[in-house]
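Given next are the chains, with one letter for each unit.
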Amino acid sequence: MVDFAQARRTMVDGQLRTFDVNDMPLLDAMDNVPRELFVLPGRQDLAYIDQDILVSDSADRRYMLSPMVLGRLIQALGIDAGEKVLDVACGRGYASAVFHRLGAQVTALEADEALAADARQSLSAAGAAGVAVVTGPLEQGYAGNGPYDAILINGSVDLRPDALLAQLAEGGRLVCVKGRGRAARATLYVRSGDAFGERSLFEAAAPLLTPFVQTPGFTF
């Protein structure tokens, strides 16, 4: 049997702290949220490995991001208690549970109702039933609960996610992995009026999200 409490401590000390995740409330949250509740049934032993984990093998696959990358992305958002957060491509809800632990008001967005139902079940088991799990096209966000102080996209995108940026409050932040392969970078956007600052944070790899793939144009 895996000692999951010890596995969380090892994750925090061996994966997060060594990858410049040093925000104490975030480290505490990831040390307390049971990641093993958010994987596919029968795969709990894989919950704390240092890589992306498949959490839905439907046609549009979904992954839980590796602890190191997810920790750095959430840290970049600088979440304060009471802020409104949109968790895009939430999968089974792990990142949403971390945000909830940080005291945020969380909306978790998935495209597939069956996966959203799995997320509700996992979140309830983890004591985060207060997360609002909604369904709809990922690239369109969920304006009904906005504007948001922070948005996380759980995966990589080809282009700037303009529809999601439009749902940010003034001073709101969006973080994602932008690009593919060696060109992929964790990227932070910050809203100021109708303008959006863009800052590259660190090299990162994440599974590409199909709704955010750039469609090849015609050549003449």
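Just so it is clear, the structure is predicted and the values come from calculations on it, not from any experiment. Counting of residues starts from 1 at the beginning of each chain's written sequence and follows it residue by residue. Whole-chain, interface and lining totals are the exception, using all residues; otherwise, since this is a predicted model, local features are given only for residues with pLDDT of at least 70 and side-chain atom pairs are given and counted only at 80 or more. Calculation of side-chain values draws on the structure's entire complement of heavy atoms; hydrogens and water are dropped beforehand.

1. Observations regarding the overall build of the chain
Argument step 1. Counting from the N terminus, the helices are DSSP H or I runs at least four residues long and the strands are E runs at least two residues long. Within the chain, the secondary structure is distributed over six helices and nine strands.
Argument step 2. Each radius of gyration is computed over the set of C-alpha atoms, and the globule rule expresses the reference value as 2.2 Å times the number of residues to the power 0.38. Against the globule reference of 17 Å for 220 residues, the chain gives a C-alpha radius of gyration of 16 Å, in line with a compact fold.
Argument step 3. With respect to the three principal axes, the spread of C-alpha positions in the chain is 60 × 35 × 35 Å.
Argument step 4. Counting only residues that meet the buried cut, the chain has 50% of its 220 residues in that class. Only protein chains enter the accessibility calculation, which uses a 1.4 Å probe; a residue is then buried when its area is under 20% of its type maximum, exposed when over 50%, and partly exposed in between.

2. Some details on the packing of helix α1 (residues 4-16) against helix α3 (residues 67-77)
Argument step 1. Direction vectors running N to C along α1 and α3 enclose 75 degrees, while the axes themselves pass 10 Å from each other. Comparing their axes, α3 and α1 come out roughly perpendicular. Of α3, the residues touching α1 (which contributes M11, Q15 and L16) are P67, M68 and G71.
Argument step 2. Put simply, Ala, Val, Leu, Ile, Met, Phe, Trp, Tyr, Cys and Pro go in the nonpolar bin, Asp, Glu, Lys and Arg in the charged bin, and everything else, Gly too, in the polar bin. Classifying every residue of the contact of α1 with α3 by side-chain character gives four nonpolar, two polar and no charged. Orientation is described by lines fitted to C-alpha atoms, with helices fitted over the stretch in contact, and by angles between N-to-C directions that extend from 0 to 180 degrees. Roughly parallel means an angle under 35 degrees; roughly antiparallel, over 145; roughly perpendicular, 65 to 115; everything else is oblique. Note on definitions: a residue-residue contact is assigned when non-hydrogen atoms from the two residues lie within 4.5 Å.

3. Describing unusual backbone geometry
Argument step 1. In this chain, G146 is followed by P147 through a cis amide linkage whose omega measures 0 degrees.
Argument step 2. Mapped onto the elements of the fold, P147 is located in the loop between β5 (132-135) and β6 (148-157).
Argument step 3. Despite not being glycine, D20 shows a phi value in the positive range, around 65 degrees.
Argument step 4. Structurally, D20 can be placed in the loop between α1 and α2 (24-32).

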